[in-house]
Amino acid sequence: MSSDRKYDLVVYGATGFTGAYTAEYIAKLHDKNLKWALAGRSIPKLEKVRDTLAAIDEQLKNLDLLVVDSFNPDSLDEAFKQAKVIISTVGPFEKYGTPVVESCIRQGTHYVDITGEFTWAKTIIDKYHDAAVENGTIIVPFCGFDCVPSDMGAYMVVNYIRKKFGLDTSDVKLSVKRLRGGASGGTIQTSLNILRHEKAGEAQDPYYLSPFVGIDKFRIPWMRWDADFKKWQAYYIMSMVNELVVRRSYGISTTRGSTYGKTFKYRSVKSNTLFKVMSRLGLSDMLTSHAVFRESMSFPFLGAFAMTFIAVGILPWLGMLFKLSPIYRLVSSLLPQGGTGPSREAIIKGSYELELIGTAETEPYENPIRVRGIVRGRMDPGYGDTCRMVAESALSIVYGYDKLPGKAGGILTPASAFGDVLLTRLRDEGGMDFLIEQIE
């Protein structure tokens, strides 16, 4: 990574709701060694954000401001060639994100963002992963609440089992135990776009984003009782993207030769038709690297029943209805628009807790080895801690580049790009809990 760049990082979209909070988070670090700037389309709006930052840290009153427009490649190149890392909070990424990624790859500038748009991520993976690897540019979508807690939580479980027991992982499941937070207008509008996206149905493939295909199958999100979580489990709306990202981390790890889980023994999959057919063809080795990851949310019985009804009986129909432009425009106009979001007080009062259960790969005659992980935050997950996560992701590149597992570049995930560097920063600098212990 070039050491002669003017800025360590640039916050692009700093005048937006999430961008401004991200800039505030960085300002509150009071990092005198960090060279950074704000970027956006409007100097007056950028100046207003800078004034807010100067009230936090007086030295930021002269923070540089860069005029950048996603639809002006020259403005992108001129700004991004001066930076080591770009934090992008400008969505919907389907509309604004691709030119930003293209510019970062042209300039060899690393990139992190807060998208949850898996269809857009699929597009940039297919188009730009090889180019990013070729010039060593680290491009990491999904660095906010979708999907850092899930991705880094699963990574934590897998690493703990490997280091403590010398074993691979066969199964990880996650339940959202507590979730208190609001949604911005931008997030709501982006969610509508995802529901109506022409390629959204393709994401029913569990390995839609993964470079390696295991043997997980699409499943209908029925409610169930879980003895480990001691609650009814039902559909979790963000599982549609979180599971895809965790499986991409698993796939990238596998292609690097350090898989999350090496094998489901033949006995475990003997009823699987695909495994039988491929075994007879002498291709069973293609299925020997496998780890399961599944997400849900904890509810009382009636809540789980209601969420299951929504997931199975309503959401599929909404996706079809929103493909009709008049209906989509009407619903979109009635909902909050971009630039709005929860109050500062609501963000501070937000919190969340996720619980993970991991099972090691052991022989049938051995005692099972299982672990429990906790991921916990003390602010609104979508804004207070999304800003924390994306900022610490960028700072992982700035201060921990040589230790990154993903420094070779590519379109990566938080776990495959940052690994222990981000986990440590979120624990020590970011104030989040990542806890893990063996289940006795």
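Residues numbered from 1 in each chain as written. Predicted model: local features only at pLDDT ≥ 70, side-chain atom pairs only at ≥ 80, totals over all residues. Heavy atoms only, no water.

The next subject is the side chain of T109. With respect to the helices and strands, T109 occurs in the loop between helix 4 (93-107) and strand 5 (110-113). Side-chain polar atoms of T109 contact the backbone oxygen of A83, separated by 3.4 Å. When sequence neighbours within four positions are dropped, the list of residues in contact with T109 reads R5, F80, K81, A83, K84, V85, I86, C104, T137 and I139. (Helix = DSSP H or I, 4+ residues; strand = E, 2+ residues; numbered from the N terminus. Polar contact = N/O pair within 3.5 Å; in protein donor to acceptor, adjacent residues only side chain to side chain. Contact = heavy atoms within 4.5 Å.)

Counting across every chain of the model gives 13 aromatic pairs. Taken together, a centroid distance of 6.3 Å and an interplanar angle of 55° make the contact between Y207 and Y250 tilted. In this pair, Y207 is assigned in the loop between helix 7 (185-196) and strand 8 (224-226) and Y250 in helix 8 (residues 239-255), connecting sequence segments 43 residues apart. Its relative accessible area of 4% is what places Y207 among the buried residues. Judged by relative accessible area, which is 1%, Y250 ranks as buried. Centroid distance F212 to Y250: 6.2 Å. Interplanar angle 85°. Geometry classified as edge-to-face. Residue F212 is located in the loop between helix 7 and strand 8, and its partner Y250 is located in helix 8; the two are separated by 38 residues in the primary sequence. (Phe/Tyr/Trp six-rings, centres within 6.5 Å; stacked < 30°, edge-to-face > 60°. Buried < 20%, exposed > 50% of the residue type's maximum accessible area, 1.4 Å probe, protein only.)

As for its placement among the helices and strands, R5 is situated in the segment before strand 1 (7-12). Among buried Asp, Glu, Lys and Arg side chains, R5 stands out as unpaired, with D4 the closest opposite charge at 5.2 Å. In terms of polar contacts, R5 uses its side chain to reach the side chain of T109, at 2.5 Å. For R5, the residues in contact, after removing those within four places along its chain, are K35, F80, K81, Q82, A83, K84, Q107, G108 and T109. (Lys, Arg positive; Asp, Glu negative; His and termini not counted. Salt bridge = Lys/Arg side-chain N within 4 Å of Asp/Glu carboxyl O.)

Viewed as axis vectors pointing N to C, helix 1 (residues 17-28) and helix 2 (residues 43-56) meet at an angle of 25°, and their least axial separation amounts to 9 Å. Here helix 2 runs roughly parallel to helix 1, going by the angle between their axes. The handedness of the crossing between helix 1 and helix 2 is right-handed. Contacts from A23, E24, A27 and K28 of helix 1 reach helix 2 at T52, L53 and I56. For the contact of helix 1 with helix 2, the per-class residue count stands at four nonpolar, one polar and two charged. (Axes fitted to C-alpha atoms, helices over the stretch in contact; angles between N-to-C directions. Parallel < 35°, antiparallel > 145°, perpendicular 65-115°, else oblique. Left-handed = near helix turned anticlockwise from the far one by under 90°. Nonpolar A, V, L, I, M, F, W, Y, C, P; charged D, E, K, R; others polar.)

Hydrogen bonds between backbone atoms are what pair the strands of a sheet, whose relative direction is either parallel or antiparallel. Read from one edge to the other, the open sheet built from seven strands follows the order 3-2-1-4-5-6-13, with strand pairing classed as parallel. Each edge of the sheet is formed by a strand with only one pairing partner; in this case those strands are strand 3 (64-67) and strand 13 (410-411). (Pairing = 2+ DSSP bridges.)

Now for the packing of helix 3 (residues 73-80) against helix 4. Direction vectors running N to C along helix 3 and helix 4 enclose 45°, while the axes themselves pass 9 Å from each other. Considering their axes alone, helix 3 and helix 4 lie oblique with respect to each other. Relative to helix 4, helix 3 is oriented so that their crossing is right-handed. Of helix 4, the residues touching helix 3 (which contributes P73, L76, D77 and F80) are P99, V100, S103, C104, R106 and Q107. Of the residues in the contact of helix 3 with helix 4, the class split is six nonpolar, two polar and two charged.

At 3.6 residues per turn, the α-helix brings residues three or four places apart onto the same side. The end-to-end C-alpha separation of helix 2 is 20 Å, in line with the 20 Å expected for 14 residues at 1.5 Å each. Among the residues making up helix 2, those that are buried are L46, V49, R50 and L53. Viewed end-on, helix 2 has its buried residues packed into an arc of 105°, placing them on one side of the element. Along helix 2, the residues that are exposed and aim more than 90 degrees away from the buried face are P44, K48, D51 and A55. (Expected span 1.5 Å × (residues − 1). Arc of directions from axis to C-beta.)

Under the counting rule described, the total for this entry stands at 22 salt bridges. For R224, the salt bridge identified is with D226, shortest N-O distance 4.0 Å. For R224, a relative accessible area of 26% puts it in the partly exposed group. In this structure, the salt-bridge partner of K349 is E345, at a minimum N-O distance of 3.0 Å. Here E345 and K349 lie together in helix 12 (residues 344-349), a separation of four residues that amounts to about one turn. Since its relative accessible area comes to 59%, K349 is described here as exposed. What you see here is one network of salt bridges that share partners, running through K173, R224, D226, D228 and R370.

To continue, consider the confidence of the model for the protein chain. Taken as a whole, the protein chain shows an average pLDDT of 86; of its residues, 88% reach a score of 70 or greater. Overall, residues 263-291 carries pLDDT values under 50, and its contacts beyond four positions in sequence, including any with other chains, amount to 58 contacts. (pLDDT = per-residue confidence, 0-100.)

Core analysis: the largest hydrophobic core is formed by 113 residues, its most contacted members being L9, W36 and L38. Take this core: its biggest share by element is eight residues, from helix 13 (residues 384-400). Not counting residues up to four positions away in its chain, the partners in contact with L9 are I26, L34, K35, W36, A37, V85, I87, A394, L395 and V398. (Core = buried A, V, L, I, M, F, W, Y, C linked by side-chain atoms within 4.5 Å.)

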